[in-house]
Amino acid sequence: MTQTEKKQVLIIEDEPDIIRGLVDALEFEGFAVASACTGAEGIERAREISPDCVLLDLMLPDDNGYRVCEALRQDDPVVPIIMLTAKAQEADKVRGLEVGADDYVTKPFSVAELIARMNAIFRRQNRMAAQDETFSIGGWEINGRKHTMTKGRNTKRLTFYELEMLKLLRERSEEPVSRDDLLEKIWGVQANPNNRTVDNFIVKLRRKLEEDHKSPKHILTVYGFGYKLLP
Ligand code: CA
């Protein structure tokens, strides 16, 4: 990776040991790393540097990560945000995803796995930059460059992972796509049978896209396997 291609990562975290460990590991992997120890400082830094990815601690001294996440999202609707959470409860993770986080890792996490996920994000971002695609699902016009979905006068934002999931499902329209495949191709992680990440994103996408998210007509469940898109 040359200097100009370095991806910028912003860490918003108040535990010095975690910051130090992440900075070392990420710099070793060739990322440019900035860090902030409070939510307010993190939001300001993000405005200054427009990072390619944000790692956001859920428990910060001045504010909680959910509110920081919402503020980051308002400034930048598409930057990938990965939450670092000490809480193992599913409800907290779902709430994180609802306020605009793209993914989460639970402390203590494996730095190698975190880096694998980030590399997967950046690979897909590079590919995406070369494409300028639009496609339609359920009457919504999806714009891959603008990260939007539009129907009539109604326009909604799509986060990085939401768009990636739609694109992958759409590449294989009308074919069942396994959870493991989605997880590996998009998040770059080996399948873990307990991983609810994919299902959480499907819930979010259905809420945005389906007329009635409880009886979906476009993003269908293939029981015991994964999902299938009917555009
Ligand atoms: Ca903390």
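Before reading on, note that the structure itself is shown above.
My aim in this report is to walk through the structure given alongside it, one point at a time. Counting from 1, residues in each chain are numbered in the order their sequence is written. Only residues with pLDDT of 70 or above have their local features reported here, since the model is predicted, and side-chain atom pairs are shown and tallied only from 80 upward, although totals for entire chains, interfaces and linings are computed over all residues. To get the side-chain values, all heavy atoms of the structure are used, and hydrogens and water are removed first.

## Topic: the nonpolar core
Side chains of a nonpolar character, in soluble globular proteins, are inclined to be buried together. In plain terms, the rule: We define the nonpolar core as a collection of buried residues of types Ala, Val, Leu, Ile, Met, Phe, Trp, Tyr and Cys that are connected through side-chain atoms lying within 4.5 Å of one another. Three labels apply to residues, based on accessible area from a 1.4 Å probe with only protein chains included: buried if under 20% of the type maximum, exposed if over 50%, partly exposed otherwise in between. Each helix is a run of H or I in the DSSP string that is no shorter than four residues. Each strand is a run of E no shorter than two, and both are numbered from the N terminus.
Counting residues in each nonpolar core, the largest one holds 46 residues, and the members touching the most others are L26, L55 and M118. At seven residues, the largest contribution of residues to this core is made by helix α6 (residues 160-171). Residues A46, L58, A71 and Y104 belong to the second largest nonpolar core, which totals 20 residues.

## A word on the pattern of salt bridges
Note the threshold: In the sections that follow, a salt bridge refers to a side-chain nitrogen of Lys or Arg positioned within 4 Å of a carboxyl oxygen of Asp or Glu.
Counted according to the given criterion, the structure contains 14 salt bridges. The partner of E113 in a salt bridge is R117, with the nearest N and O atoms 2.5 Å apart. Of the two residues, E113 and R117 both sit in helix α5 (residues 111-129), four residues apart, roughly one turn of that helix. Put simply, R172 and D181 hold a salt bridge, and the shortest N to O gap is 2.8 Å. Take R172: its relative accessible area is 22%, and that puts it in the partly exposed class. Within this structure, E13, E15, D57 and K107 form a network of salt bridges that share partners.

## Remarks on the coordination of the calcium ion
The criterion, for reference: Coordination here is defined by N, O and S atoms within 2.8 Å of the metal (3.2 Å for Na, K and Ca), and since water is not considered, a site can look incomplete.
Within the protein, the calcium ion binds to D14 (OD), E15 (OE), D57 (OD) and M59 (O); these donor distances fall in the range 2.1 to 3.2 Å. Expressed as a motif, the donor residue spacing for the calcium ion is D-E-x41-D-x1-M. In this pair, E15 is assigned in the loop between β1 (8-12) and α1 (16-28) and D57 in strand β3 (residues 53-57), connecting sequence segments 42 residues apart.

## Observations concerning the packing of aromatic side chains
Quick note on the threshold: Here a pair means two rings of Phe, Tyr or Trp (six-membered ring of Trp) with centres within 6.5 Å. Their orientation is stacked below 30 degrees between planes, edge-to-face above 60, and tilted elsewhere.
Evaluated as defined, the whole model comprises three aromatic pairs. Summarising the aromatic geometry, the rings of F160 and Y161 are spaced 5.3 Å apart at their centres and angled 75° between planes, so their arrangement reads as edge-to-face.

Nothing here speaks to function; it is all geometry.
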